[in-house]
Structure formats: C-alpha cells, structure tokens
Amino acid sequence: MNILVTGAAGQIGSELIGELRRRYGTEAVIASDINAEAGKELQKSGPFELADCTNYDKMKEVIRTYHIKTIYHLAAILSATAEAKPQLAWNVNINGLYIILELAREYGCSVFTPSSIGAFGPTTPKINTPQDTVQRPTSMYGVTKVTGELLCDYYYQKFGVDTRGLRYPGIISNVTLPGGGTTDYAVDIFYEAIRNRKYTCFLKKGTYLDMMYMPDAIEGAIQLMETEGEKLKHRNAFNVTAMSFDPEEIASEIKKHIPEFQIIYEVDPVRQAIADSWPQHMDDSAARQEWGWNPRYDLAGMTEDMIQTLQDRLVPAGEKIND
Ligand code: NAD
Ligand code: SER
C-alpha cells in the first residue's frame, strides 16, 4: 500500500513527504520530481525517483515497481509561471494529470490532486465564494485547474477511480520557497522582514486573498485522503481556507513583532491581474461538514510561528529580535 508523491521537491511536496513518512514509514512513501538537484537531497531521506509526470512509461514503471496505491499528484506549473509559459502549463498540469489518472485507473490507485483559488475567475462571487459556483478563470493556470477538477470528477464517475482534491488558497511556509505563484508575496514578506526589515510588494494594498499555513495544508490533504469515501459529496475541489488578508494587514501583523518593518509597493501588472480575478474569501463549509476541515492557524498564529522559525534559522545568535 505504498504512496507516491509527484512534485515532491516543491513547496508543498517537500513538507508533505516528511509528514507522510512519519505516519506511514519512510520506505512506504516514494518521492518523485523532475528536479534532479533537489532530488539528490530528497534521496538522502528515503526513496526518490527522477520522473517527469508527462512521461507515461516512466510513471508506469514507478507505479509498478513500488506497488503504489495512493498518489499525491503535486507536480504542476503555478500561476505566474503559467502565464509566462502557457503551453508548458497545459502540458504539465493537464497531460501530466491525465497520465496519472490513466495509471490510477489501470493500477487501482487513489489520487489526491490540488486545485486552487485560481480555478475561479472575475465573474465568480468574490466574498463567501460558494463551493459550487461560476468558474470562468482568465489565467492559463485557472483554465488548467478547472479542467483538472472536471477530469478528476470524470474519472471517479466513469471509472470509479478514488479521486479527491482541495482548492488550496495561497500557502505560506518556511521550508521550500514557493515556485512561481501570485500569492508568493505572503511568503517573501517574512524572509525580507527578517533579513532587511523592508519588503517591496508586487500586489497592491487592498488585494485580499485567501491564505493558509503549511501545517494546515498538509493536515487537510491527509485528512481528506483518510476520510471514508461514502461521506464525500464533493470529492474533488473542496474550498478550503484559513485566513484572508491584504498586504497591509499582514504587514501590520509583522510590525507587532518587528516594529521598524516597512512595506512599499511596486505593482507587477501580470500578477495583480491574476490576483484581481480570484476570490477574496471562499466559503469552506462543505469541507467542514463533509470531512471535518478545521484549520489551526489564523493570521496572528501563523505570523508568530513564521517569524520565530525563520529567525531561528536565518539570524545569528545575539542579533535576534528579542535579544
Ligand atoms: P511548486 O512549484 O513549489 O512545486 C511543483 C513541483 O513540481 C516542483 O518541484 C517541480 O520541479 C515539479 N515539476 C514541474 N514539472 C514537473 C514534471 N513535468 N514532472 C514532475 N515534476 C514536475 O508547487 P507547490 O506550491 O508545491 O504546488 C503543488 C500543487 O499545489 C500544485 O498543483 C499547485 O497548483 C497546488 N497549489 C499550490 C498552492 C500554493 O500556494 N503553493 C496554492 C494552490 C494550489
Ligand atoms: N499559490 C498559488 C499561485 O499563486 C495559488 O494557486 O499560483
């Protein structure tokens, strides 16, 4: 009953791997990614396969060799990179997912696939965005995420593949830097606050977006995968959120710990347009009702933990905020 994680070197994968191995054992969890450099590191802590998710034969070999029964399919191109390289984004996010779903059908695997707030668009209600609502995204990332949600639903309905997924908001974390998304500012801001006491933000004031701290993102994925299937009405693409803020609110929260911290703005029109097309705050009551979603971290708790963790890692003894 082994588990495969694709995109394991990424922001979410690099932390999901550790938690899955703690729960199910090191040898039962196989990490895979296309990033050979990061793979060398991953190899030190357990099984790793250098594998491109768009390569059917290679993915088949991995799934057969390790007797995989559960796949956390995280390999993807995120929103800002997808806007710069839309053809690559379609290939990885859709053709890669199609290959994973086909192999899951063939080998009887269950599949977790993250969707995103990016699956919504400018005509979606922005406040209390319903679980089931209009989805007409205007970014290539969003187009691939809606398509992915529908493809996962189809594989469940048509072939009985146990597909499940979450619509993640921006994920904030301190192990691996995010990989080319629009919500990355909410991670960068902490590194810059600790190192330089100043951050130049590429989104403008008043840009409210849903966010979540990594421990909740990991717990949510595993909890959903462990829920009895009969309890789930919305198998794929559950709205999940833990907090919603704009750059000013997160900066104010950081100032409570680092009073001299300053935020200034240099807006990137591409990422601003993407952010403006996304919800400000999703209604995640379906996830709460169907499988008990209940995040632990709010803005204050996440900020305190991020600052403490990064300070311990990045700041030499004697120079810490409270020294
Ligand atoms: P990331 O960019 O940090 O990591 C993605 C990983 O996929 C990278 O390590 C990359 O090397 C790998 N990859 C790219 N192309 C590949 C290929 N062809 N074959 C194999 N591996 C390949 O992304 P992440 O933040 O960890 O996101 C994981 C999933 O969660 C994605 O589906 C993403 O859309 C979704 N998601 C993330 C966030 C977030 O804020 N991080 C929010 C919503 C949804
Ligand atoms: N964090 C992701 C991005 O900005 C949301 O899916 O691309």
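Scroll up to find the structure this text is about.
Since the model is a prediction, treat every value here as computed from it, not as a measurement.

Reading the values: rules and limits
- Residues numbered from 1 in each chain as written.
- Chains lettered and ligands numbered in written order.
- Predicted model: local features only at pLDDT ≥ 70, side-chain atom pairs only at ≥ 80, totals over all residues.
- Heavy atoms only, no water.
- Helix = DSSP H or I, 4+ residues; strand = E, 2+ residues; numbered from the N terminus.
- Buried < 20%, exposed > 50% of the residue type's maximum accessible area, 1.4 Å probe, protein only.
- Contact = heavy atoms within 4.5 Å.
- Near = heavy atom within 4 Å.
- Polar contact = N/O pair within 3.5 Å; in protein donor to acceptor, adjacent residues only side chain to side chain.
- Areas by Shrake-Rupley, 256 points an atom, 1.4 Å probe, with all protein chains shown as cover.
- Nonpolar A, V, L, I, M, F, W, Y, C, P; charged D, E, K, R; others polar.
- Pairing = 2+ DSSP bridges.
- Axes fitted to C-alpha atoms, helices over the stretch in contact; angles between N-to-C directions.
- Core = buried A, V, L, I, M, F, W, Y, C linked by side-chain atoms within 4.5 Å.
- Right-handed = clockwise from strand over helix to strand, strands pointing away.

### Some thoughts on unusual backbone geometry
Despite not being glycine, histidine 67 shows a phi value in the positive range, around 50°. Within the fold, histidine 67 resides in the loop between helix 3 (56-65) and strand 4 (68-73). Residue histidine 67 is classed as exposed on the basis of its relative accessible area, which comes to 58%. Of note, the phi angle at alanine 237 is positive, near 65°, even though the residue is not glycine.

### Observations concerning the environment of proline 169
Of note, proline 169 is situated in the loop between strand 9 (166-168) and strand 10 (170-172). You can call proline 169 buried: its relative accessible area is 5%. As for proline 169 and glutamate 304, which are separated by 135 residues in sequence, their C-alpha atoms are 20 Å apart. Filtering out sequence-adjacent residues up to four positions away, proline 169 remains in contact with Ile117, Asp210, Met211, Met212, Val240, Thr241 and Met282.

### Some remarks on the site of ligand 2
Close contacts around ligand 2 come from Leu78, Ser79, Ser116, Tyr141, Gly181, Thr182, Thr183 and Trp278, and that covers them all. In the model, an oxygen atom of ligand 2 is placed 2.6 Å from a nitrogen or oxygen of the serine 79 side chain. In the environment of ligand 2, a nitrogen atom lies 2.6 Å from a nitrogen or oxygen atom belonging to the side chain of threonine 183. Contact with the protein chains covers 93% of the free accessible surface of ligand 2, which is 230 Å². For the shell around ligand 2, the residue count by class is three nonpolar, five polar and no charged.

### With respect to the sheet that holds strand 1 (residues 2-6)
Spatial ordering of the open sheet is given by 3-2-1-4-5-8, a layout of six strands whose pairing is parallel. At either end of the open sheet lies a strand with only one pairing partner, and these are strand 3 (48-50) and strand 8 (163-164). Two elements, strand 1 and strand 2 (residues 29-33), share three bridges in a ladder whose sense is parallel. Within strand 2, the residue paired with leucine 4 across the bridge is isoleucine 30. Set on the sheet, helix 8 (residues 214-226) makes contact with strand 4, strand 5 (110-112) and strand 8; between it and strand 5 the angle comes to about 155°.

### What about the nonpolar core?
Counting residues in each nonpolar core, the largest one holds 63 residues, and the members touching the most others are Ile172, Tyr185, Phe190, Phe245, Ile250 and Met302. Excluding its chain neighbours within four sequence positions, the residues that come into contact with isoleucine 250 are Tyr185, Ala186, Ile189, Phe190, Phe245, Leu299 and Met302. Grouped together as the second largest cluster of nonpolar side chains are 33 residues, Ile3, Ile12, Leu166 and Ile218 included.

### Remarks on the pairing of strand 2
Within strand 2, five of the five residues are buried, which leaves the element mostly enclosed by the surrounding structure. Neither face of strand 2 is left uncovered, since the one carrying Val29, Ala31 and Asp33 and the one carrying Ile30 and Ser32 both have all their residues buried. As for the winding sense of the linkage, the β-α-β connection from strand 1 through helix 1 (residues 13-24) to strand 2 is right-handed. Sheet analysis places strand 2 next to strand 3, joined by three bridges and oriented parallel. Bridging from a neighbouring strand, serine 32 pairs with glutamate 49 of strand 3. With helix 2 (residues 36-43) bridging strand 2 and the parallel strand 3, this β-α-β connection has right-handed handedness.

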